[in-house]
Amino acid sequence: MLLQFTVSNFRAFRERQTLNLAASNYDKTLPANCISCGLPGLKGQRWLKGGALYGPNAGGKTTLLRALEALAVLVRESASTTDPRDPISQVEPFGLAPGEPVEPTAFGVTFVSDGIRYEYRVAATTRQVLHESVRAFPNGKEQLWFSRDWLSAQESYSWSPERTPHYRRDSKKEEYTLPNVLFLSKAISLGDTALEPLFRWFKDQLHFFDLSAGGRTLGKSFSAQQFVDKTPLSPRILDLLQHADLGVETASVELTDASSKKDEALLDFFGQQLARMRREIQEMKITQQGLNYGLVPEVTLSHRSRAHGPVALPWDSESAGTQRLFALAGRWLDILDRGYTVCMDELETSMHPVLVMALLRLLFSEDTNPTGAQIIFTTHNPLLLDPTLLRRDQVWFADKDDHGEAHLYPLTDYAPRKGESLGRGYLSGRYGAVPFIPEGLLGTGYKSAPELP
C-alpha cells in the first residue's frame, strides 16, 4: 500500500512535490474509499484507495507516475549494472535550466509491505547515487536500518548507523555496491533477506499501465490468456463484459500462428510477450506455455442479435472501447484479487465515463476490493469529479508555472464549498490546471464556434 511519494528535480518537476494518500479525518464521506489498517504509531489514520490527477496537457500529471516508475525500475534492475561508468538512465533532471548547477534527483516513498511501514529515500545524479536510506516503523517508532551518503571530499561513502539491532549491516555487500547501483537492489542480489519486503513491494505489488492512445503496456494478451488457460478469472471477465452494456454474450479465444496476423496484432502480441519474458527470466520461471511464443491469441466476442442468437464478430470489427475494456477487464480483476497498487495514465481512453466510473466503484467497494488495492490515475474527464465517486481529498492537480516548472497540489487547498459542482469549477479554471487560451489557438480571439441560427 502506498502512503506517500515525494520527488524533486525530475522531468517537469524542479522543486519538491508530494502526493499524500492520507485520508482527511474531517471528511466523513465515502468511507469505503478509505483503508483502515491500524498501522502502529498512526492510530485512527485512514488511507485512500485511489487518487485522481487532473491537469492540462504537459502539466506534469504523467511525470508524477513516471517518477515513481523510474524509482521502481531502478530498484528492480540496478543490481544488473556491472560497469561503474554506466549512466543511471532512470534519472532525468529538470531540463529547463541549462547552465545552472545540477541538483540531484530525489525520490522518497512511504509504503506498507507485509504489514510494516517503510520509508525509502534515494538521491542521485545520472552518474552516481548520492544518498540512500531505509527506515522501518514496525512498532510506530522510527528505525534507521541504513543510510549511505557520498562524501565528495573523501570520494567515498559514509555508512550509518554503526550498530543497530534492527538491521545487520554487511561491509562486503556495501563494498560490492557500485556508485551507480542502489544498495537495496545489490543487497537483494547477494541474498539479503531483511530487505526482501521492500524489494518485493517495488517488484511485485507496484504496477504501471499506460492507457493512452499511444501506450502499449496494456494489450489484450493478459485477458485472452485467462480464457486459454481456463483460469477462474475467465468467467469473471465475461461476466464483467456482459454487464457493461456492450451486447456481448460470449467470448472465446483460440491460439493462431503469429505469422498470419496483421502488424497491429503482432505489435500487441510481441510487446506483451517481451514484458512476460522479462518477468519470467528474472524469476527463473519459464513455463511450458511461456515457451510457446509463436502463437497469437485470437479473441472472438459474440453479440446478441434480434433473431439469430449470439453472432460472432471479428476482433477488428469491435469498437475501440470494447477492445479496451476486454484488455483491461482481466487486469482490473487481478488487481482487485491481489491488492496491487497501480498507476494508470489516461484511464478513460476510448471508454465512456459511466463505464470508467463503474470500474472505479469496483475498486472503491469493500465487497469487491477486500484486499485494499489502490489506483493513482491521470484523467481529463471532469465527469469523474462526482461526489458520489471521489472524495475531495482524492483529487489532485498538476500544472506548470510561467517558468515551465510543474507543481502538484490537492483540491482541498481550495476548500470547495459543500455542494459545489467540482466539474464545473474545474472547467471554469477555479482550481487552475486547465489550458489557458484567452486568444484562441491562432491568436485571433476566436474561441468558440459561432452560434447556429
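## Side note on the overall build of the chain
Scanning the chain for helices and strands turns up 10 helices and 18 strands. Every one of the 453 residues in the chain was classed for burial, and the buried ones make up 50%.

## Some remarks on the confidence of the model for the chain
Per-residue pLDDT for the chain averages 90, and the proportion of residues at 70 or more is 90%. Throughout residues 280–291 the model reports pLDDT below 50, and contacts reaching past four residues in sequence, or to other chains, amount to 17 contacts.

## Topic: the packing of helix α6 (residues 233–242) against helix α8 (residues 320–338)
Between two packed helices, both the angle of their axes relative to each other and the distance between the axes serve to describe the pair. Where α6 contacts α8, the two axes come as close as 9 Å, and the packing angle between them is 120°. The pairing of α6 with α8 is recorded here as oblique in orientation. Judged by the sense of rotation from one axis to the other, the crossing of α6 with α8 is right-handed. Residues Leu233, Arg236, Ile237, Leu240 and Leu241 of α6 touch α8, and the partners they reach there are Leu325, Phe326, Ala329, Gly330, Leu333, Asp334 and Asp337. For the contact of α6 with α8, the per-class residue count stands at 8 nonpolar, 1 polar and 3 charged.

## What about the pairing of strand β5 (residues 50–54)?
The buried count for β5 comes to 5 of 5 residues, which makes it a mostly enclosed element. Sheet topology note: the β5/strand β17 (residues 395–400) ladder contains 3 bridges and is parallel. Paired with alanine 52 across the two strands is valine 395, which belongs to β17.

## What to know about the pattern of salt bridges
Across all of its chains, the model carries 20 salt bridges by this definition. For glutamate 142, the salt bridge is made with arginine 135, and the minimal N-O distance between the two is 3.3 Å. Classification of arginine 135 as buried rests on a relative accessible area of 11%. The closest approach of N and O atoms between arginine 169 and glutamate 174, which form a salt bridge, is 2.7 Å. The exposure class assigned to arginine 169 is partly exposed, which follows from its relative accessible area of 26%.

## Describing the side chain of glutamine 394
The residue glutamine 394 is located in the loop between β16 (374–378) and β17 in this model. A distance of 2.8 Å separates a polar atom in the side chain of glutamine 394 from a polar atom in the side chain of asparagine 33. Residues contacting glutamine 394, with those up to four places away along its chain left out, are Asn33, Leu48, Gly50, Gly51, Ala52, Phe364 and Leu389.

## Topic: the sheet that holds strand β6 (residues 105–113)
Strand order in the open sheet formed by 7 strands is β2-β1-β6-β7-β8-β9-β10, with antiparallel pairing between adjacent strands. Only two strands of the sheet have a single neighbouring strand rather than two, namely β2 (17–20) and β10 (156–160). If you compare each strand with its neighbour and ignore which way they point, the axes differ by 10° on average. One ladder, built from 9 bridges, connects β6 with strand β7 (residues 116–124); its direction is antiparallel.

## Remarks on the sheet that holds strand β15 (residues 341–345)
Taken in spatial order, the 6 strands line up as β11-β15-β16-β5-β17-β18 in an open sheet, and their pairing is mixed. Strand pairing shows two members of the sheet lacking a second neighbour, β11 (206–210) and β18 (406–410), which therefore form its edges. Within the sheet, the average angular offset between the axes of one strand and its neighbour, ignoring direction, is 15°. Packed on one face of the sheet, helix α4 (residues 196–205) meets β11 and β15 and runs near 25° to β11.

## Let's talk about the packing of helix α5 (residues 221–228) against α8
Two elements in contact, α5 and α8, have axes whose closest approach is 6 Å; the angle formed by their N-to-C orientations is 75°. By the angle between their directions, the pair α5 and α8 is classed as roughly perpendicular. Across the interface between the two elements, Phe222, Ser223, Ala224 and Phe227 of α5 pack against Phe326, Ala327, Ala329, Gly330, Arg331 and Asp334 of α8. When its residues are assigned to classes, the contact of α5 with α8 shows 6 nonpolar, 2 polar and 2 charged.

## A word on α5
Burial analysis of α5 places 7 of its 8 residues in the buried class, the great majority of the element. Of all the positions in α5, only Ser221, Phe222, Ser223, Ala224, Gln225, Gln226 and Phe227 are classed as buried. Downstream of α5 by a residue or two, lysine 230 has a phi angle that is positive, lying close to 55°.

## Some thoughts on the packing of aromatic side chains
Each aromatic ring pair is described using two quantities: the centre-to-centre distance and the angle formed by the ring planes. Going through the model one piece at a time under the given rule, you end up with 22 aromatic pairs. Between phenylalanine 227 and phenylalanine 326, the aromatic rings sit 6.0 Å apart at their centres with planes inclined by 20°, giving stacked as the arrangement. Here phenylalanine 326 lies in helix α8 and phenylalanine 227 lies in helix α5, a separation of 99 residues in the sequence. When sorted by exposure, phenylalanine 227 lands in the same class as phenylalanine 326, which is buried. Here the aromatic residues Phe111, Tyr118, Tyr120, Trp145, Phe146, Trp159, Tyr167, Phe183, Trp201 and Phe202 are joined through ring pairs into a cluster of three or more. Sitting over the ring of phenylalanine 137, arginine 117 keeps its end group 4.1 Å from the ring centre.

The rules we used
- Residues numbered from 1 in each chain as written.
- Predicted model: local features only at pLDDT ≥ 70, side-chain atom pairs only at ≥ 80, totals over all residues.
- Heavy atoms only, no water.
- Helix = DSSP H or I, 4+ residues; strand = E, 2+ residues; numbered from the N terminus.
- Buried < 20%, exposed > 50% of the residue type's maximum accessible area, 1.4 Å probe, protein only.
- pLDDT = per-residue confidence, 0-100.
- Contact = heavy atoms within 4.5 Å.
- Axes fitted to C-alpha atoms, helices over the stretch in contact; angles between N-to-C directions.
- Parallel < 35°, antiparallel > 145°, perpendicular 65-115°, else oblique.
- Left-handed = near helix turned anticlockwise from the far one by under 90°.
- Nonpolar A, V, L, I, M, F, W, Y, C, P; charged D, E, K, R; others polar.
- Pairing = 2+ DSSP bridges.
- Salt bridge = Lys/Arg side-chain N within 4 Å of Asp/Glu carboxyl O.
- Polar contact = N/O pair within 3.5 Å; in protein donor to acceptor, adjacent residues only side chain to side chain.
- Phe/Tyr/Trp six-rings, centres within 6.5 Å; stacked < 30°, edge-to-face > 60°.
- Lys NZ or Arg CZ within 6 Å of the ring centre and 35° of its normal.

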